[in-house]
Amino acid sequence: MLDVRLLRAEPERVREGIAAKGETADLDRWLRLDRERRELLAEWERCRAELNAGGAEIARAKKEGRDAAEEIAALRAVKAREKELKGRIDAAETELSEILVRIPNLPAEDVPRGPDESGNVEIARWGEPREFAFPPRAHWDLGAGLRILDLRAGGEIAGSGFPVLKGAGARLERALAQFMLDLHTERHGYTEVSPPHLSRADPMVACGQIPKLEADMYRCDRGGLYLIPTGEVPLTNLHRGEILEGGRLPLRYTTLTPCYRREAGAAGKDTRGLIRVHQFQKVELMVFARPEESEDELLRLRGCAEEVLRRLGLHYRVVLLCTGDLSFAGRRTFDLEVWAPGVGRYLEVSSATGFGDFQARRADTRFRDPGGKPRYVHTLNGSGLALPRTIIAVMESYQREDGSIDVPEALIPYMGGLTRIRPEEDRHE
RNA sequence: GGAGAGGUGGCUGAGUGGUCGAAAGCGACGGAUUGCUAAUCCGUUGAGUGGGGACCAUCCCUGCUCCGAGGGUUCGAAUCCCUCCCUCUCCGCCA
């Protein structure tokens, strides 16, 4: 949610921001309705003041034992007028908020302009793509050969886009998650959280998932709860309606959750294997920060996510998203893209995003500054990291010619000492 | 799932239709005092939004809204009615 004062004071800036993100919210209608509402509100408040004063007068009269029938009759007319005004105000407010939730956050000033991902800018690169003396295979081939990835079985259970990991594959996923959580909690100062994986609509709205991405969400028939598309949803709403003590900031949280995404319209495009799936595990990083420290915190958070890739020895690049590729609620986003030699592409494994106070305004999360005044916090988050694509990068980067996969050194303790993944034996009882 | 109790300001907790935005305590902040790592006393202390004033930041005056959320009754509601949400207790069920 943008500050409505910004909409009134600098509509041109907001209009540019909407256009830069390729959105179509009707700012003009909002401005017109806002003006109308405020005029009505002024009149309504005069009515209220009259009613309040009259009420006090009646109370006084009753106390003194006087009859107040005359005053009461007079107020009845004012009351009718008040009611009518209130109705018009309510109608205006309903429409105002419908427009407002569709107005995206403004991109930070220095974000490159661009229509879509073609306008993104690579700003950093770490390591080198691994060289192979043989043509590296894609993870789906490696996974099938090792019997650690079963796409067909997942399809039978839930449909395509729901892969099954088995044996060392499942273990690899668990090892990676464990490794990431230990790193973030023990070295990076994040507090681990185990949150609900279903959410009401409001927390989704706070994150900017609804209304824009509602069609991308799974929802339960009974109860109407949404399956979270990312751990960002529960974490960002952890302090809903609270005024935090300024001294506690920044608050850093991490969580491992499943993520559910319908990925409507994405079928058939870059979706093979584990590249794009409907359910996946992800370690999320989330920070509540003071406004003045949030830019630094974003870089720090990005660094925490990068550290995972470095320790795994995976080559990656950092991309600064342009305006057209920024998410609805984001001000600035750095994507971390890991190199997957088998599929020959960089895959996004994390989006470190600063939201300013956009989400905090919707989630009503504030803090007290040294002067004691409540102010909205800044929120930021990023993956640390998404598991399927990290698995892809590990499998494809550490593959050998015989189809086996070396376990990255950092993961060996988490794999129970296993140093190399060889074809899985089916174990029968 | 069934029955009951309850949701009030940073916290605890009074308040059952009329100067209640709301007692009291705690905490916090400011001040006073005291030489013994603290006590005592005094004062201030919810949020949002609009208007006016001022050495227009840190201020002052003032209107309106907010006592879980949303409706309703009434001249007037924290207080009465309805719906929903949440918490707690007991029972049932259950990993």
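Let me sum up the structure you'll find in this document. Just so you know, these numbers come straight off a predicted model, no measurement behind them.

**Description of the side chain of His184**
Turning to step 1, where the next piece is worked out: On the secondary structure map, His184 appears in helix H7 (residues 168-187).
Turning to step 2, where the next piece is worked out: Dropping the residues within four chain positions of it, His184 is found in contact with Gly189, Tyr190, Thr254, Val283, Leu285, Cys304, Val308 and Gly384.

**Regarding the sheet that holds strand E13 (residues 366-368)**
Turning to step 1, where the next piece is worked out: Taken in spatial order, the three strands make up an open sheet running E7-E13-E14, and their pairing is mixed. Each of the sheet's edge strands pairs with one partner strand only, and the pair in question is strand E7 (243-245) and strand E14 (374-376). Taking each pair of neighbouring strands and ignoring which way they run, the sheet shows an average axis angle of 40 degrees.
Turning to step 2, where the next piece is worked out: Of the pairings in the sheet, the one linking E13 to E14 comprises three bridges and is antiparallel in character. Looking at E14, one finds that Arg368 is bridged to Pro374.

**A look at the protein's contact with RNA strand B**
Turning to step 1, where the next piece is worked out: Near RNA strand B, the surroundings consist of 21 residues, among which Glu45, Arg48, Ile58, Arg76 and Lys79 are the closest.
Turning to step 2, where the next piece is worked out: Backbone atoms, meaning sugar plus phosphate, form 74% of the atoms of RNA strand B positioned within 4 Å of the protein.
Turning to step 3, where the next piece is worked out: The separation between a base oxygen of RNA strand B and a polar side-chain atom of Lys62 is 3.5 Å.
Turning to step 4, where the next piece is worked out: In this structure, Arg366 approaches RNA strand B through a side-chain N or O atom, which is 3.2 Å from a sugar or linking oxygen.
Turning to step 5, where the next piece is worked out: Broken down by secondary-structure element, the contributors of at least two residues to the surface near RNA strand B are helix H1 (4-9), helix H3 (27-64), helix H4 (69-100) and E13.
Turning to step 6, where the next piece is worked out: Considering each element in turn, the surface near RNA strand B owes the most residues, ten residues, to H3.
Turning to step 7, where the next piece is worked out: Looking at side-chain class alone, the surface near RNA strand B contains eight nonpolar, two polar and eleven charged residues.

**Section: the pattern of salt bridges**
Turning to step 1, where the next piece is worked out: All chains considered together, the criterion is met by 36 salt bridges.
Turning to step 2, where the next piece is worked out: Taking the shortest distance from any N to any O, the salt bridge between Arg361 and Asp357 comes out at 3.1 Å.
Turning to step 3, where the next piece is worked out: With a relative accessible area of 17%, Arg361 lands in the buried category.
Turning to step 4, where the next piece is worked out: The exposure class of Asp357 is partly exposed, given its relative accessible area of 25%.
Turning to step 5, where the next piece is worked out: Salt bridges here are not isolated pairs; linked through shared partners, they connect Asp3, Arg5, Asp357 and Arg361.

**Topic: the packing of H3 against H4**
Turning to step 1, where the next piece is worked out: Two elements in contact, H3 and H4, have axes whose closest approach is 8 Å; the angle formed by their N-to-C orientations is 155 degrees. Here H3 lies roughly antiparallel to H4, going by the angle between them. In terms of crossing hand, the pair formed by H3 and H4 is left-handed.
Turning to step 2, where the next piece is worked out: Looking at side-chain class alone, the contact of H3 with H4 contains 17 nonpolar, two polar and 14 charged residues.

Scoring rules and cut-offs
Residue numbering note: each chain is counted from 1, following its sequence as written. As a convention, the first chain written is A and the first ligand written is 1, with the rest following in written order. This being a predicted model, a pLDDT of at least 70 is required before a residue's local features are given, and a value of 80 or more before pairs of side-chain atoms are given or counted; all residues contribute to the totals for chains, interfaces and linings. Side-chain metrics rest on all non-hydrogen atoms present in the structure, leaving aside hydrogens and water. Numbered from the N terminus, helices here are DSSP runs of H or I no shorter than four residues, and strands are runs of E no shorter than two. Between two residues, a contact is recorded if the distance between any of their heavy atoms is within 4.5 Å. Pairing between two strands requires that DSSP report at least two bridges joining them. Here the axes come from fitting lines to C-alpha atoms, over the contacting stretch only for helices, and the angles between their N-to-C directions go from 0 to 180 degrees. Each residue is tested against the molecule or strand, and it is near if at least one of its non-hydrogen atoms lies within 4 Å. As used in this structure description, the phrase polar contact means that two N or O atoms lie within 3.5 Å; if the pair is within protein, one of them must be able to donate a hydrogen and the other to accept it, and residues adjacent in sequence are counted only when both atoms belong to side chains. Charged residues are taken to be Asp, Glu, Lys and Arg, nonpolar residues to be Ala, Val, Leu, Ile, Met, Phe, Trp, Tyr, Cys and Pro, and polar residues to be all remaining types, Gly included. By salt bridge we mean one thing: a side-chain nitrogen of Lys or Arg within 4 Å of a carboxyl oxygen of Asp or Glu. Note on exposure labels: buried denotes an accessible area under 20% of the residue type's maximum, exposed denotes more than 50%, and partly exposed covers the range between, all computed with a 1.4 Å probe on protein chains only. Roughly parallel refers to an angle under 35 degrees, roughly antiparallel to one over 145, roughly perpendicular to one between 65 and 115, and oblique to any angle outside these ranges. The hand of a helix crossing depends on one turn: near helix anticlockwise from the far one by less than a right angle means left-handed, and clockwise means right-handed.

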